[in-house]
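Below are the chains, spelled out letter by letter.
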Amino acid sequence: MRKVVSAVLLATLVLCFAAPGFAAYKNEYKMSVVPGAITPWGMGAGYFADLVKERTDGRVNIKVYYSGQLFAGKQTSEFLLLRNGAIDFSLASTINWSPQVNELNLPALPFFISANGDDRYAAMDAIENGKSGKMMVDAVEKKGVKFLAWGENGFREMTNSVREVASPEDMKDLKLRVVGSPIYIDTFKALGANPINMNWSEATTAFQQGVVDGQENPLTGICIPVKIWNYHKFLTNWHYVIDPLLLAANPKTWKKFSEEDQKIIAQAAVDAMKYQKAIARAGLDDGESIAYLESIDITPEYPNPYATCEEEGMTVTNLTPENLKAFRDATAQVRADWTKKIGAELVAAAEEDMASINK
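Residues numbered from 1 in each chain as written. Predicted model: local features only at pLDDT ≥ 70, side-chain atom pairs only at ≥ 80, totals over all residues. Heavy atoms only, no water.

Draft legend 1. Here's a closer look at the overall build of the protein. Looking only at helices and strands, the protein features 17 helices and 10 strands. The C-alpha radius of gyration of the protein comes to 22 Å, within 12% of the 21 Å expected for a compact globule of 359 residues. Reported as C-alpha extents along the three principal axes, the dimensions of the protein are approximately 90 × 40 × 40 Å. Relative to its 359 residues, the protein shows a buried fraction of 52%. A sequence separation of at least 24 residues applies to 74% of the contacts in the protein between residues at least 6 apart. When the accessible area of the protein is evaluated, it comes to approximately 16,300 Å², of which 51% is carbon and sulfur surface. (Helix = DSSP H or I, 4+ residues; strand = E, 2+ residues; numbered from the N terminus. Rg over C-alpha atoms; globule rule 2.2 N^0.38 Å. Buried < 20%, exposed > 50% of the residue type's maximum accessible area, 1.4 Å probe, protein only. Contact = heavy atoms within 4.5 Å. Areas by Shrake-Rupley, 256 points an atom, 1.4 Å probe, with all protein chains shown as cover.)

Draft legend 2. Up close: the nonpolar core. Residues Trp97, Leu106, Ile113, Met171, Tyr184, Phe188 and Trp238 are the most contacted members of the largest nonpolar core, which totals 69 residues. Residues within four places of Met171 in sequence aside, it is in contact with Met158, Arg163, Val165, Leu176, Phe188, Leu191, Gly192, Ala193, Trp238 and Phe327. Ala45, Phe89, Leu148 and Ala268 belong to the second-largest nonpolar core, a separate cluster that totals 29 residues. (Core = buried A, V, L, I, M, F, W, Y, C linked by side-chain atoms within 4.5 Å.)

Draft legend 3. Main features of the pattern of salt bridges. Evaluated as defined, the whole model comprises 13 salt bridges. Measuring nitrogen to oxygen at the nearest pair gives 2.8 Å for the salt bridge that ties Arg55 to Asp271. Residue Arg55 is found in helix H3 (residues 40-55), and its partner Asp271 is found in helix H12 (residues 259-281); the two are separated by 216 residues along the sequence. The class of Arg55 is partly exposed, set by a relative accessible area of 33%. Across the pair Glu259 and Lys263 runs a salt bridge, and its minimum N-O distance is 3.8 Å. (Salt bridge = Lys/Arg side-chain N within 4 Å of Asp/Glu carboxyl O.)

Draft legend 4. Representation of the pairing of strand E6 (residues 194-197) in the model. In this sheet, E6 lies alongside strand E5 (residues 175-178) in parallel orientation, the contact comprising 4 bridges. The partner of Val178 across the bridge, within E6, is Asn197. Handedness of the crossover joining E5 and E6 through helix H8 (residues 182-190): right-handed. (Pairing = 2+ DSSP bridges. Right-handed = clockwise from strand over helix to strand, strands pointing away.)

Draft legend 5. Structural view of the state of the cysteines. Using the criterion set out here, one finds 0 disulfides in the structure. Cys309 supplies the cysteine sulfur nearest to Cys223, a cysteine that is in no disulfide, at a spacing of 7.2 Å. In this structure Cys223 comes out as buried when scored by relative accessible area, which is 1%. (Disulfide = S-S within 2.5 Å.)

Draft legend 6. How the structure looks around the environment of Gly221. Mapped onto the secondary structure, Gly221 falls in helix H10 (residues 219-223). On the accessibility criterion, Gly221 (0% relative accessible area) is buried. Excluding anything up to four places from it in sequence, Gly221 contacts Thr39, Pro40 and Asn153.

Structure representation (structure tokens):
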């Protein structure tokens, strides 16, 4: 009997040493996402989890917790929860992590990336693939989080229930719900509006009650999924800032995966975010995103987001170059002040990266 027990123990030890990564794996890895599952953001997270499970033959099972379930509504706590290991993975907005990683305010410089006009998506890609993108990633990882891939919530547009907005003068005294990041507060104050910070769950009630006049969010990322036309009649396409997403992992969780599974998960992250970006950009870029989705047999639900808003009764305002210049001029001091806070070297690197698309 003793020989049998010894043999079983020996076999168990052999298995543990033969597959140390697998032996240490958890039954479930928690992934945090701010919005719901039907948004491009949420869909990208779900696709990533599916790819990882499929490609690791079920060794790594990621469960996506949508609608901020893991941070109890306080979005700015997400980074700390991920870093401390309460969360294993996250697909998060640069906005929500900017309080902990100051460099992530770069995409929120008003009318900075969008100054490239129709090339604004190419400009964002150049940043993420260039020196400035590496600088942002390095800043994130120095603060204790493992970066995997870039995703995207989209360029943020403005809607309101009061009037058409085509110039800075039209912004005067509009009560607009904005995210809590200080750079957003500064931007809307510079434009003469009255920025109000509140959770999104509270915002829709405030719209209905007339307490708040409008908001700003990506069109396909948030506005269309929540049917913003139920609250607002006017849409202004000004692309004033963009909201990139970061797919990241807790470093301790990451180190427990075998080298093989790390490679699988890293590639799944890249593949999932290519899909996620295409969903977020469908109908808004030069057609590249829809072409990619069709190549993988996916038809976007809203192939023409602007037309969808018009069909739902919204007045869609597309700004002229002169209109955009007026907004850019009105926020010049905000860009100057925040360039100092973010880091002049980082901003200069981003300018060089964006300039490369025209070479």
